[in-house]
Amino acid sequence: AVIHTVRKDFPQSSLQMAVGGGYKNRVREYDSILRDVASSLLVSLGIIALLVVLFFRSLRPLPIIFIPLWSGIVMTLGLTWLFGVRQLNIITVFIGGILLGMGIDFGVHLSARYMEERGSGNDVSTALNTTLRRTGRALITAAVTTSGALFLLFFSSFRGFWEFGLIAGMGILVTLLTFFLFFPVATVIMEKWVTIRGRGFIPVRVATKDHPERFPRVWFTLLLLAVLITP
């Protein structure tokens, strides 16, 4: 304990006691990290959910995207514990937000293809079958290449790096697996109450020589990106 005397403007002195040292600093740092993790995870979740709603112009894709996504993150943390990583370090503590941002791609691609198939007049079974067979192959390739690059960190001599490589690489594959398992189930359950077609969702058209496809408002988009990335 550190005891010090503080002189104030009035003549009477006051004695104050404060606790300091290594243990106090560790507790303060631990509490600060927990607050940062919680805030970053909530902010990431809110921004991602907003972008999904704006892209699909509907709230209906949210359950079929976020249920498999959260399931994959929880399963990844469970497997992490089984592989001997009992606690997260200063590098891996933000793995939830990282997997949230990387795993959302699987849900967006699957939902977009499913809504395109449903908008073409296919029933639920046919739309799911086509989505998983065609879009699923591309997602497997993307997941394997991404996780392979992350698994390279497993060979690092620094423990923080190889733990991050293990958890992130495994998390990508586990998240994709949960999408293959839970996306059809969540979609069928949702279709019992509402039709998932994405209000205002327009499938991407293939550009041809006579009708080239142009990116809409390209200069406005570039200017907006320049403003956002400017410090």
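Nothing here was measured: the structure is a model prediction, and the numbers come from that model.

Analysis parameters
- Residues numbered from 1 in each chain as written.
- Predicted model: local features only at pLDDT ≥ 70, side-chain atom pairs only at ≥ 80, totals over all residues.
- Heavy atoms only, no water.
- Patch = residues over 30% accessible without salt bridge, like charges linked within 9 Å, V, L, I, M, F, W, Y side chains within 5 Å.
- Areas by Shrake-Rupley, 256 points an atom, 1.4 Å probe, with all protein chains shown as cover.
- Salt bridge = Lys/Arg side-chain N within 4 Å of Asp/Glu carboxyl O.
- Helix = DSSP H or I, 4+ residues; strand = E, 2+ residues; numbered from the N terminus.
- Buried < 20%, exposed > 50% of the residue type's maximum accessible area, 1.4 Å probe, protein only.
- Core = buried A, V, L, I, M, F, W, Y, C linked by side-chain atoms within 4.5 Å.
- Contact = heavy atoms within 4.5 Å.

Student: Tell me what's going on with a nonpolar patch on the surface, and back it up with residues and numbers.
Tutor: Together, Trp219, Phe220, Leu222, Leu224, Leu225 and Leu228 make up an exposed nonpolar region whose accessible area comes to about 720 Å². Turning to its location among the elements, Leu228 is positioned in helix α6 (residues 218–229). With relative accessibility at 62%, the residue Leu228 sits in the exposed group.

Student: Report on the pattern of salt bridges, specifying residues and quantitative values.
Tutor: Taken as a whole, this structure holds 2 salt bridges when the rule is applied. Put simply, Glu117 and Arg113 hold a salt bridge, and the shortest N to O gap is 2.9 Å. With a gap of 4 residues between them, Glu117 and Arg113 both fall in helix α3 (residues 95–119), about one helical turn apart. Judged by relative accessible area, which is 10%, Glu117 ranks as buried. Its salt-bridge partner being Arg118, residue Glu191 comes within 3.2 Å of it at the nearest N-O pair. You can see Glu191 sitting in helix α5 (residues 159–191) and its partner Arg118 sitting in helix α3, a full 73 residues away along the chain. Residue classification places Arg118 among the buried positions, given a relative accessible area of 9%.

Student: Please provide a residue-by-residue account of the nonpolar core, values included.
Tutor: Judged by nonpolar contacts, the single largest core of 36 residues is most densely connected at Val52, Ile65, Phe66, Ile104, Phe106 and Phe183. Counting residues per element, the ones that place at least two in this core are α1 (22–56), α2 (61–82), α3, α4 (124–151) and α5. The biggest single contributor to this core is α5, with 11 residues. Leave out the neighbours within four places in its chain, and Val52 touches Arg57, Leu62, Ile65, Ile104 and Val108.

Student: Any details on the side chain of Thr175? Residues and values, ideally.
Tutor: With respect to the helices and strands, the residue Thr175 is situated in helix α5. A residue is classified by how much of its surface remains accessible, and Thr175, at 1% relative accessible area, is buried. Excluding anything up to four places from it in sequence, Thr175 contacts Leu69, Gly72, Gly103 and Phe106.

Student: A description of the environment of Phe83 should follow, citing residues and the corresponding values.
Tutor: As for its placement among the helices and strands, Phe83 is situated in the loop between α2 and α3. On the accessibility criterion, Phe83 (54% relative accessible area) is exposed. In this structure, the C-alpha to C-alpha distance between Phe83 and Ile167, residues 84 residues apart in sequence, is 9.6 Å. Leaving out residues up to four positions away in the same chain, Phe83 has contacts with Leu166 and Met170.

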